[in-house]
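# Close look at the chain arrangement
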Amino acid sequence: MNSDLAKLIDLQATDNEIKRVEAALQDVPRRQTEIEAEWALAGAQLTAARERLAAAQTRRRGNEGALQDLESHRSKYRSQLMEVKTNREYQAMLHEIESVERDIRGIEDRIIEDMEAGEGLSAALTREQQTLAESEKRHQHAIGEIETQKRALDEQRQRWLTERAALAAMLPAELIELYTRVARLRGAAVAEARDGTCQQCRMVLRPQMYVELKRNDQIVQCPSCSRVLYYVPPPAAAADAHL
Ligand SMILES: [Zn+2]
């Protein structure tokens, strides 16, 4: 095979690798953001659970304070009950005491409700703490893994770039120019010719041209897409060639 053609094929393979590695590198920040978001969500859920529990505890303390006030009213009314002179005052005082006791029962019910709810909220808080701890473990592991992958990709990229520079240095300037121009236009500057056809743009090649390019001994461009064409002999033919 023409050695420039072989180098152009290698250059294309190298550029494909560089593109693949760079696409994987570009995906790294997106994957990092995804993991950060999952981590932030677990943190937010823990904060919400903590706030719900704190609110229930505050409400309960408020009710306990109100209960004490009502109980001291009740004992004040009860001692006043001993001192009233008329039956009407007595009935009125009894009425006050009944009303305070109704309020006391209402507040006691609310305190019990909050105590019961508090148990559920404490359990929920414990669950959220566990979720956060697990999420942190996963998060650290995933971040570490992505960083390792990124370093490996950076190294691969550097290796391919070095290889590319070496290949490019061995090619004549006009071929590099041709390669660069076609690659910019078509994405890839090299194409396989098979079954009389350019495998990239599907142009059917003139028979004489196909016969010539099958020798792989010169630089031939596809008349339609301008890519440099090369021919890969089928495995059987290649084996025959070695006999
Ligand atoms: Zn073509």
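Not measured: the values here are computed from a predicted model.

Cut-offs and rules
- Residues numbered from 1 in each chain as written.
- Predicted model: local features only at pLDDT ≥ 70, side-chain atom pairs only at ≥ 80, totals over all residues.
- Heavy atoms only, no water.
- Helix = DSSP H or I, 4+ residues; strand = E, 2+ residues; numbered from the N terminus.
- Expected span 1.5 Å × (residues − 1).
- Buried < 20%, exposed > 50% of the residue type's maximum accessible area, 1.4 Å probe, protein only.
- Arc of directions from axis to C-beta.
- Contact = heavy atoms within 4.5 Å.

## Considering helix α3 (residues 173–186)
Count 3.6 residues to each turn of an α-helix, and residues three or four apart come out pointing the same way. Taking 1.5 Å as the rise per residue, α3 with 14 residues should run 20 Å; its terminal C-alpha atoms sit 20 Å apart, in good agreement. Listed as buried for α3 are Leu175, Leu178, Tyr179, Val182 and Ala183. Considered in projection along α3, the buried side chains sweep an arc of 125 degrees and stay on one side of the axis. Turned more than 90 degrees away from the buried face of α3 sit Ala173, Glu174, Glu177, Arg181, Arg184 and Leu185, all of them exposed. Here the buried face of α3 lies against α1 (3–81), α2 (87–170), β1 (190–194), β3 (220–221) and β4 (228–230). Positive backbone phi, approximately 90 degrees, marks glycine 187, located one or two places after α3.

## Details of the environment of glutamine 221
Mapped onto the fold, glutamine 221 is located in strand β3. Through-space distance from the C-alpha of glutamine 221 to that of lysine 150 is 38 Å; in sequence the pair is 71 residues apart. With residues near it in sequence (within four places) discarded, glutamine 221 still touches Leu178, Val182, Met209, Ser226, Arg227, Val228 and Leu229.

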